[in-house]
Amino acid sequence: MLRITSRHNPRLRDTAQLLASARERRKAGRCVIEGEHLVAVYAERRGAPEVLVVSEAFLERPGVEALCRRFDECTLVVPEALFGSMAVLPAGVGMLAVVPTPRPPASDGGDFCILLEDVQDPGNAGSILRTASAAGVTHAFLSRHCAFAWAPKVMRAGMGAHFHLEIHEDVDLPAWAVRYRARGGQVIATVRDGGTDLYRAALARPLALAIGNEGAGLSPALVAASSARVTIPMPGGMESLNAAAAAAVTLFE
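Everything numeric in this text was worked out from a predicted model, so none of it was measured.

Asks: Would you mind showing me how to read the packing of aromatic side chains here?
Replies: Aromatic rings considered in pairs are described by the distance between their centres and by the relative angle of their planes. Inspection of every chain in the model, using the stated rule, returns four aromatic pairs. Ring geometry for Trp150 and Phe163: centres 5.9 Å apart, planes at 40°, overall tilted. Taken as a pair, Trp150 in the loop between β7 (139-142) and α7 (152-158) and Phe163 in the loop between α7 and β8 (166-168) lie far apart in primary sequence, 13 residues in all. Each member of the pair, Trp150 as well as Phe163, is classed as buried. Arranged with centres 4.7 Å apart and planes meeting at 15°, the rings of Trp176 and Tyr180 form a pair that is stacked. With a gap of four residues between them, Trp176 and Tyr180 both fall in helix α8 (residues 173-182), about one helical turn apart. Each member of the pair, Trp176 as well as Tyr180, carries the same accessibility label: buried. An aromatic cluster of at least three residues, connected via ring pairs, comprises Tyr42, Trp150 and Phe163. In this structure, Arg26 is placed above the aromatic ring of Phe148, and the distance from its NZ or CZ to the ring centre is 4.0 Å.

Here's what the structure looks like:
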């Protein structure tokens, strides 16, 4: 472990730039993961980070200390004030790691997939990925106008799901749906009105579930490319559900 007291240290400065700028993260092909839990999940699934930055105040935590010792050569220990000055972080984050942004090879999907079309709220996007992973999804396909999957807010909401899924971004979802169906899969479009009652629908795998934008829902093109449409019955009289809630209900059904 290397103890750093200057904000001008090159690795610390680069970490701060990545944390502060989505443009820098995309340009560098790197992302920043925050907190002991996410770093531990990354270490378990992917191995060593490129840089691990830890506040001195957090070194006394057994889990943090174990990670620092495991990745001794890439760990920077900094004073609490210097750590806090790097960016606006949620309370309780005392550890950051810089890792390569995973870029899986192009894929036409697996047995259970989720499609996110223009889901723009980072919390919704991350929550859906978390639920998808818990439900057994293996591949996630995101349209061009979705929230950036590797943004810090999305990763916080994902709680480590990113490292259990193959995440594909900037995907032409209607074209992908046509290919998936041609190979025998079914694409299920979630719609607010007019679909088959979710609890009566045939949801046999291979299956891809499509979740749409928080306000507009799914595009007509993706609905047209789907095998079937489903609607969640809402006997309580509400007009709609939050995108993440709708995804959770449908994924587990």
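Asks: So what exactly am I meant to see when it comes to the side chain of Glu169 here?
Replies: Along the polypeptide, Glu169 turns up in the loop between β8 and α8. A polar contact of 3.3 Å, which involves the side chain of Glu169, links it to the side chain of Arg103. The residues touching Glu169, leaving out its near neighbours within four places in the chain, are Arg103, Leu142, Ala147, Phe148, Ala149 and Trp150.

Asks: Explanation requested: the sheet that holds strand β10 (residues 196-197) in the structure shown.
Replies: Adjacent strands of a sheet form backbone hydrogen bonds with each other and so pair up, either parallel or antiparallel. What the seven strands build is an open sheet, ordered β8-β7-β6-β11-β9-β12-β10; its pairing is parallel. The open sheet has two edge strands, β8 and β10, and neither has a second partner. In terms of strand pairing, strand β6 (residues 112-116) meets β7 through four bridges, oriented parallel. Paired with Leu115 across the bridge in β7 is Phe141. Running at roughly 170° to β6, helix α6 (residues 122-135) makes contact with β6, β7, β8 and β11 (207-211) of the sheet. In this fold helix α10 (residues 243-252) packs onto β6, β9 (186-190), β11 and β12 (228-231), with an angle of close to 160° to the strand it touches most, β11.

Asks: Is there a simple way to explain the pairing of strand β2 (residues 30-34) in this structure?
Replies: Successive residues of a regular strand alternate their side chains across the two faces of the sheet. The element β2 is largely enclosed, with a buried count of four among its five residues. As defined by bridge partners, β2 adjoins strand β5 (residues 95-100) across five bridges and the pair is classed as antiparallel. In the sheet register, Cys31 faces β5, and the bridge partner there is Val99.

Asks: Just to check I follow, could you spell out the pairing of β11 for this structure?
Replies: Counting buried residues in β11 gives five out of five residues, a clear majority hidden from the surface. Neither face of β11 is exposed, since Leu207, Leu209 and Ile211 on one face and Ala208 and Ala210 on the opposite face are all buried. Note: β6 against β11, five bridges, orientation parallel. The partner of Leu115 across the bridge, within β11, is Ala210. Pairing of β9 with β11, which is carried by four bridges, proceeds in the parallel orientation. When the sheet's bridge partners are listed, Gln186 is paired in β11 with Leu207.

Asks: Looking at this structure, how should I read the pattern of salt bridges?
Replies: Working definition: two side chains of opposite charge can pair if their charged atoms are close together. Going through the model one piece at a time under the given rule, you end up with nine salt bridges. Its salt-bridge partner being Glu34, residue Arg156 comes within 2.6 Å of it at the nearest N-O pair. You can see Arg156 sitting in helix α7 and its partner Glu34 sitting in strand β2, a full 122 residues away along the chain. With relative accessibility at 29%, the residue Arg156 sits in the partly exposed group. Between Asp111 and Arg205 there is a salt bridge, and its shortest N-O distance comes to 3.6 Å. In this pair, Asp111 is assigned in the loop between β5 and β6 and Arg205 in the loop between β10 and β11, connecting sequence segments 94 residues apart.

Rules and cut-offs
- Counting of residues starts from 1 at the beginning of each chain's written sequence and follows it residue by residue.
- Restriction of local features to residues with pLDDT of at least 70 applies here, the model being predicted, together with a cutoff of 80 or more for giving and counting side-chain atom pairs; totals for whole chains, interfaces and linings are based on all residues.
- Here the side-chain values reflect all heavy atoms present in the structure, with hydrogen atoms and water set aside.
- Each Phe, Tyr or Trp ring (for Trp, its six-membered ring) is paired with any other whose centre lies within 6.5 Å, and the angle between the two planes then decides the class: stacked below 30 degrees, edge-to-face above 60, tilted in between.
- Only runs of H or I of at least four residues qualify as helices and only runs of E of at least two qualify as strands under DSSP, and these elements are numbered from the N terminus.
- For each residue, the accessible area found with a 1.4 Å probe, counting protein chains only, is set against the maximum for its type, and the residue is called buried under 20%, exposed over 50%, and partly exposed in between.
- Criterion for a charge above a ring: Arg CZ or Lys NZ at most 6 Å from the ring centre, at most 35 degrees from the ring normal.
- Each polar contact in these results corresponds to two N or O atoms within 3.5 Å; when the atoms are within protein, one needs to be able to donate a hydrogen and the other to accept it, and residues that are neighboring in sequence are counted only if both atoms are side-chain atoms.
- Working rule for contacts: check all heavy atoms of both residues, and any pair within 4.5 Å makes them a contact.
- For two strands to be treated as a pair, DSSP must find at least two bridges joining them.
- Convention adopted: a line fitted to C-alpha atoms gives each axis, helices being fitted over their contacting stretch, and angles between N-to-C directions are expressed from 0 to 180 degrees.
- The salt bridge definition used is simple: a Lys or Arg side-chain nitrogen within 4 Å of an Asp or Glu carboxyl oxygen.

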